[in-house]
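Residue strings, one per chain:
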Amino acid sequence: MPNLNINNFRVLQGFLTRQEQAQIVADISKLVQKAPLYRPSMPRTGKPFSVRMSNLGKLGWVSDKTGYRYQKTHPETGQEWPEIPDTLQAIWRAVAEFGQPAEACLVNYYDISAKMGMHRDEDEVNFSAPVVSISLGDTAIFRMGGATRKGPTQSVKLESGDVVVIGGPARLFYHGVDRILGGSSNLLKGGGRLNLTLRRVG
Ligand code: SIN
Ligand code: MN
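So, here's what we can say about the structure.

Contact geometry of helix H1 (residues 18-34) with helix H2 (residues 86-95) gives a least axis separation of 9 Å together with a crossing angle of 130°. In this view, H1 runs oblique relative to H2, as classed from their interaxial angle. Between H1 and H2, the contacting residues are Gln23, Ile24, Asp27 and Ile28 on the first element and Thr87, Leu88 and Ile91 on the second. When the residues that make up the contact of H1 with H2 are grouped by side-chain class, the tally is four nonpolar, two polar and one charged.

The following block contains the structure:
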């Protein structure tokens, strides 16, 4: 049962068992050897992100001085992104209530000092599918806002194994990560937090 539901921003607390979490971490560790985590930069300013990123799937979300976009290849290696493993597609099938598989999976790695400013996921073409977000490792203090940058926000703790489904009106709501609680999980060898967001692009 979701323990929080704000306009179809649904937090499924403890959705993944420890064993399932460990399996996903093992799968991702292998895949990021092929598509290494890199540090994107902000449009215009070129300021580096504190979060390191990679992608899986036909399309991957990237950011650089020229803007945000989806593209088929890793910006540093020039290689296509690895496929999304079935461990992740199975989660999408279980919670997304969408007839087609996820097309893109953004892999975000937060060290304990990383954060992510308030933003909307709006670079997709079609917003009828939800974004499904998987939290692994250290707890995040996540901030959920509304349809405008200004309105009220709510702080939500996302722990290892929590799955968030962001659909309906909430699909285009502002959100961000205020901070990571270092040492709150021993799932990842080097500490920190791995967040995987499964998306449809087209
Ligand atoms: C994101 O908005 O891409 C990441 C959200 C999160 O790390 O929980
Ligand atoms: Mn986002």
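Looking now at H2. Taken together, the buried positions of H2 are occupied by Leu88, Gln89, Ile91, Trp92 and Val95. Buried residues of H2, seen end-on, are gathered within an arc of 155° and therefore sit on one face of the element. Pointing more than 90 degrees away from the buried face of H2 are the exposed residues Arg93 and Ala94. Following H2 by one or two positions, Glu97 adopts a phi angle in the positive range, close to 50°.

This paragraph deals with the site of ligand 1. Lining the immediate surroundings of ligand 1 are Asn108, Tyr110, Met116, His119, Phe142, His175, Val177, Arg193, Asn195 and Arg199. At 3.3 Å from an oxygen atom of ligand 1 is found a side-chain nitrogen or oxygen belonging to Asn108. In this structure, an oxygen atom belonging to ligand 1 sits 3.3 Å away from a side-chain N or O atom of Asn195. Out of a free accessible area of 260 Å², ligand 1 has 96% covered by protein chains. Among the secondary structure elements, those contributing two or more residues to the shell around ligand 1 are strand S6 (104-110), strand S7 (116-119), strand S12 (175-181) and strand S13 (193-199). In terms of residue class, the shell around ligand 1 is built from four nonpolar, four polar and two charged.

Conventions adopted
Residues numbered from 1 in each chain as written. Chains lettered and ligands numbered in written order. Predicted model: local features only at pLDDT ≥ 70, side-chain atom pairs only at ≥ 80, totals over all residues. Heavy atoms only, no water. Axes fitted to C-alpha atoms, helices over the stretch in contact; angles between N-to-C directions. Helix = DSSP H or I, 4+ residues; strand = E, 2+ residues; numbered from the N terminus. Parallel < 35°, antiparallel > 145°, perpendicular 65-115°, else oblique. Contact = heavy atoms within 4.5 Å. Nonpolar A, V, L, I, M, F, W, Y, C, P; charged D, E, K, R; others polar. Buried < 20%, exposed > 50% of the residue type's maximum accessible area, 1.4 Å probe, protein only. Arc of directions from axis to C-beta. Near = heavy atom within 4 Å. Polar contact = N/O pair within 3.5 Å; in protein donor to acceptor, adjacent residues only side chain to side chain. Areas by Shrake-Rupley, 256 points an atom, 1.4 Å probe, with all protein chains shown as cover.

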